Structures are given as C-alpha cells and as structure tokens.
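Understanding the architecture of this molecule
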Amino acid sequence: TTEIYTLSLHDALPILFKMCKITVLVAVYNAEPFLDKCLNSLLGQSLHDIQIICIDDCSTDHSLQILKEYAQRDSRIKVMKTPVNSGQAVARNLGLTIADGEYTTMLDSDDWYEPTTLQKAYNALTADAENDCVLLHVVMHDNDTQCETDYENRTDKTTLSGEEAFRLSLDWRIHGLYVVRTSLHKRYPYDTTCRLYSDDNTTRLHYLHSRKVVFCDGKYFYRQHKNSCTNSCSIKRFDYMEANLSMRRQLDNEVKNGNISHADEVLSLYETHRWCNLIGCYGYLLQHKNAFSSAEKSLIMKRMQAVFQTIDVSLIRTNVKYRPGYYPWRMFSIFLLQSWLYLTIRRVFFNIRVPD
C-alpha cells in the first residue's frame, strides 16, 4: 500500500519557496569590540537553517571588514551597506528586503544569543499555527560590572492575544525582543520617523496584529552601556514625543483600513499613553534643565507645543484625566503651569523624579 502524506499550507510554504527557518537582522555601526561575540553566537546556533543579514551603517572602524571576513567563512551570512549613515531602523529595513526566513528577528551588534535560542524560538512558534510572535528570554548584561539580571515580564499568561501584548508593551510589562512571522514583519517594517524610540512602534504593531504571542526560554543577552543614547542626558530624549505621534498616525491609518478590532479601545489606550509621555517629557526637561542651552530649551518647548496640539483630549481615559496633574487643559500655557506645579510638588515633598 502507498501512504499519502499531505502538507498544510503553513508547512508547504518553506519547501515551495526554499525559505530558511529564521532570518536574523544585525544592524552594525562601529561595533568592532563586540562583533566577534555577536556573530559567533549566531554561527553557533543549534538551529542551523538560518539566514544572517548584517547591514553596516557606514561604520568608521573595522566593522565592515570583520563582517566580510565572517561572510567568507559562512555562506549563511549576507553583508549589506547603507549608502549613508541612517540609523538602525533604516539599516534593518534594508536587510528586511532580502529576508527569506519563515520568521524574522533582530540582534543588536553588541548583544548575543545562547546556542539554543533560535531553536527554542522556532519550536515555540511552530507549536501552534496561530503563533505569529514569540518573546525571547532577555538577560540584562551590565557592560561595566558584568552583572546579569533577568528581564521580568509582568504577566502570568504564557499565551497572549495580539491586543493583550500591545497593551502590555505600552509600559513594557513585556519587552520588545522577539521573533515574528516574516510576512507580518514585511507588512510592518521598522518605523524610521526618529533614530530613537520609533522602533517601539514597530514592535507594538507586530504585537497588535499577531494572532497569538507566546514566550520561550531562549536567551537574548542585552548589553547595557551607561553612556548609550537612551541612557545619557540628551535632546534626543524628546524624540519620544514625535515617535509617539508617528505611532498614533499609524494606528489611525490601521483603523481607517479596518485592520484593528476594538479600535476605540485601542486608540483611547494609546492616546492616554501619549498624554502621560508628554507630561513625562516636560518633567525630564525640568529635571535636567541645566543640561540644555537656552536655544535647546526653546526648541524643545516648540516641539512639545506642536505635539500638545495633536492630542485628542476626548480619548484620554477618565481614570487618568482626573488624576492630580493630568487634566488635559486645551491651552498649552495652562498645561505647563499644571505640570510644573504637579512635578515640583512630587520632587520637593515626595522626592519622586521622572525616570531617565
């Protein structure tokens, strides 16, 4: 007798189109001290069927040379180069254009995986045909002290709906390091609005449009630098406002095209998040006012006012709207006065400062 085997479309696609299992995007800029560890962790993966796309963003050190040497050693490594230095999002999007994995992820050029990370991620994703995204197990590695701590996801669930994952990502109760179905990633490539923070938008769109988001224990080692752009006092901190505005516009477009269930709830949730972040940015300015010149302060205030005018106060949630210091006055001057009083009282009487 002849046994006849049938393949589901999900199983057949990788065979028909010769897809590898996972594509890893590695954006590189002056990462010479860390590249060996990063790339060796990829070449040492127990899951061999992977594509490694390294995109050099016009490095001025020997990063590009190192990438080319690794590519000569292993055909799974593809090297690309941006025409001008453009930031991680642009670099990753360039790599995404040639991604042929069934799933795609990214690895920062100063970070690394444990040997079984991608195999564990692939196993979790293929355990259910509706699993579109899997979160890795993030280990925070302090570059100065070499101490390591686990990132604690603040949820008891092992499987989330896309909307649940979106909600939890707003205050990072779940992190943003994951492997996602490539078709979804190409539908929503990296947001290039700002060099910092707008990649958060991409993460949230991937979560929102996933049928199921799951977890695995494949480790991602995230190297923390005290002098990184996100940890140092910089005017770039205020890019957060424009990144949030970009996300709001993307959500509006998704609602317009009928791509979001519970649209009113999602928009209200995000507009409330945006309002709280705007207050947080003003608090950051007050807390670090001596770090900025008069011209920088003036520019920051203009940017803040422009974003303030885009807030839809009708969408701000009632439980936030009537909290002390959070009422959405329609005049920018009153908003500043209220925020100044609220943040000053917190700082002077309760020693509560805005997180950096």
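Residues numbered from 1 in each chain as written. Predicted model: local features only at pLDDT ≥ 70, side-chain atom pairs only at ≥ 80, totals over all residues. Heavy atoms only, no water.

1. Here's the deal with the nonpolar core
- Formed by 45 residues in total, the largest nonpolar core has its most connected members in Ile22 and Val26.
- Here this core gets six residues from one element, more than from any other, and that element is strand β1 (residues 20-28).
- Counting residues in each nonpolar core, the second largest holds 30 residues, with Phe238, Ile279, Phe308 and Leu343 among its members. (Core = buried A, V, L, I, M, F, W, Y, C linked by side-chain atoms within 4.5 Å. Buried < 20%, exposed > 50% of the residue type's maximum accessible area, 1.4 Å probe, protein only. Helix = DSSP H or I, 4+ residues; strand = E, 2+ residues; numbered from the N terminus.)

2. Quick word on the environment of Thr97
- Examined against the element boundaries, Thr97 turns out to sit in the loop between α4 (88-96) and β4 (101-106).
- Among the polar contacts listed, one links the side chain of Thr97 to the backbone oxygen of Leu94, at a separation of 2.5 Å. (Polar contact = N/O pair within 3.5 Å; in protein donor to acceptor, adjacent residues only side chain to side chain.)

3. Focus on the state of the cysteines
- Applying the stated criterion across every chain, the model contains zero disulfides.
- Cys281 forms no disulfide, and the closest cysteine sulfur to it belongs to Cys194, at a distance of 11 Å.
- Look at Cys281 and you get buried, because its relative accessible area is 0%. (Disulfide = S-S within 2.5 Å.)

4. Considerations on the pattern of salt bridges
- Taken as a whole, this structure holds 20 salt bridges when the rule is applied.
- The partner of Arg92 in a salt bridge is Asp108, and the shortest N-O contact between them spans 2.8 Å. Note that Arg92 is positioned in helix α4 and Asp108 in the loop between β4 and β5 (112-113), a separation of 16 residues in sequence.
- Classification of Arg92 as buried rests on a relative accessible area of 3%.
- What makes Asp108 buried here is its relative accessible area of 12%.
- One salt bridge connects Asp199 with Arg92, and the closest N-O pair in it is separated by 4.0 Å. Residue Asp199 is found in helix α8 (residues 199-208), and its partner Arg92 is found in helix α4; the two are separated by 107 residues along the sequence.
- Members of the salt-bridge network, linked through shared partners, are Glu163, Arg167, Glu265 and Arg317. (Salt bridge = Lys/Arg side-chain N within 4 Å of Asp/Glu carboxyl O.)

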